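Structural description and commentary
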Amino acid sequence: MMKMKPLNGSGCILSKEQPKICVPLTPSDEKELKQQLEMIHRQSADIDLIEWRADYWQGELKDGLSAVSNQLQNIHKPVIFTIRTAAEGGEKDIALSEYEHMIRMSLKFPCFMMYDLQLMLVKQKADRMRMLLDDLHRHNKWIILSYHDFQATPSNEQMLAILNEQEALGADLVKLAVMPQTEMDVKRLMEVSSLFTQTHETMAITISMGELGVKSRIQLKETGSCISFATASAASAPGQLPASSLRKLLQTQ
Ligand SMILES: O=C1C[C@@](O)(C(=O)O)C[C@@H](O)[C@@H]1O
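Note that the structure is predicted; figures quoted are calculated from it, not measured. (Residues numbered from 1 in each chain as written. Predicted model: local features only at pLDDT ≥ 70, side-chain atom pairs only at ≥ 80, totals over all residues. Heavy atoms only, no water.)

**Details of the pattern of salt bridges**
Put simply, the test is: Salt-bridge detection follows one rule: a side-chain nitrogen of Lys or Arg within 4 Å of a carboxyl oxygen of Asp or Glu. Starting at the N terminus, helices and strands are each numbered in turn, a helix being any DSSP run of H or I of at least four residues and a strand any DSSP run of E of at least two. Here's how the labels work: a residue is buried when its accessible area is under 20% of the maximum for its type, exposed when over 50%, partly exposed in between, all with a 1.4 Å probe on protein chains only.
Tallied over the entire structure, the rule returns 15 salt bridges. In this structure, R104 engages D135 in a salt bridge whose closest nitrogen and oxygen atoms are separated by 2.2 Å. With a gap of 31 residues between them, R104 in helix α3 (residues 96-106) and D135 in helix α5 (residues 126-138) connect regions that are remote in the sequence. Exposure remark for D135: the relative accessible area of 17% places this residue in the buried category. Each of the salt bridges in this network shares a partner with another, and the network as a whole consists of E100, R104, R128, D135 and R138.

Encoded structure:
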């Protein structure tokens, strides 16, 4: 059976049959926010979702939240809320209490439809994070549980175990982004992704990062990955293609 998930009222339906393009919004202040949104606006046709990478914000995060949520109201695209910690390639070292607090503060903004939470953080403080996950679901938000390795590609068994664990913890989408050192690493990530998506109902986002891994961002029919990250202005990870190029490439797949 084909699995499809409509994102509440946004017109965006996620499925592995029709993968979507997500661009990161990475402003450090209000000026950059306006510039990046202008770029997103201009390339709107090639963009299905936006990810706010809150960890790029330089000032108080709560000021970033009000500026970004205010501007995003007029964009009419589903937004993923992400605070990527330094431990997984992000820009911020943030205390778990602030991480949690920011997520709870953002719940009232309807534009944030999905939340990317790092599996490792969820496991660190399992009880507190369980409550947070339950709150997110109570607010009809979707949960992406993610795992990043910016150095290497774990073994196939480890990658499958990570995806299975994310699913078991209640993720609506599972996400794995790893760095290849060889062509074989890219192939392995793609094979693991294909195996997972063919045998599980839960949708997945899988990425082999960097130049070497670019094909994992394009050959989504093979991997079954339902979202590919691309750039509208600034990249948030190595290997992302411009959204317009990715759209053309996905159409030829
Ligand atoms: O997890 C991911 C995937 C990503 O790291 C990439 O490789 O495109 C980019 C991040 O912004 C996003 O949160």
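**What about the UniProt feature "binding site: 3-dehydroquinate" (unreviewed entry) in the chain?**
Which entries qualify depends on this criterion: UniProt positions are given in the numbering used here, feature names are shortened, and annotations may be inferred rather than shown by experiment. Think of a 1 Å grid over just the protein atoms. A cavity is a set of points where a 1.4 Å probe fits yet cannot get out, a pocket is an open set with protein on both sides within 12 Å along at least five of seven lines, and lining residues have an atom within 4 Å of a point. Note on definitions: a residue-residue contact is assigned when non-hydrogen atoms from the two residues lie within 4.5 Å.
UniProt's entry tags E51, W52, R53, R84, R217, S236 and Q240 with the feature "binding site: 3-dehydroquinate" (unreviewed entry), counted in the numbering of this structure. Those annotated residues from the list above that line the largest cavity are E51, R53, R84, R217, S236 and Q240. Here E51 shows up in strand β4 (residues 49-53). A relative accessible area of 10% means that S236 is categorised as buried. If we ignore the near neighbours within four places in the chain, the residues touching S236 are P24, T26, E51, R53 and Y56.

**Side note on the state of the cysteines**
Rules: When two cysteine sulfur atoms are found within 2.5 Å, that pair is recorded as a disulfide.
This model, assessed by the stated rule, comprises zero disulfides. No disulfide involves C12; its sulfur sits 9.3 Å from that of C226, the nearest cysteine. In this structure C111 is a free cysteine whose sulfur lies 13 Å from that of C22, the closest cysteine sulfur available.

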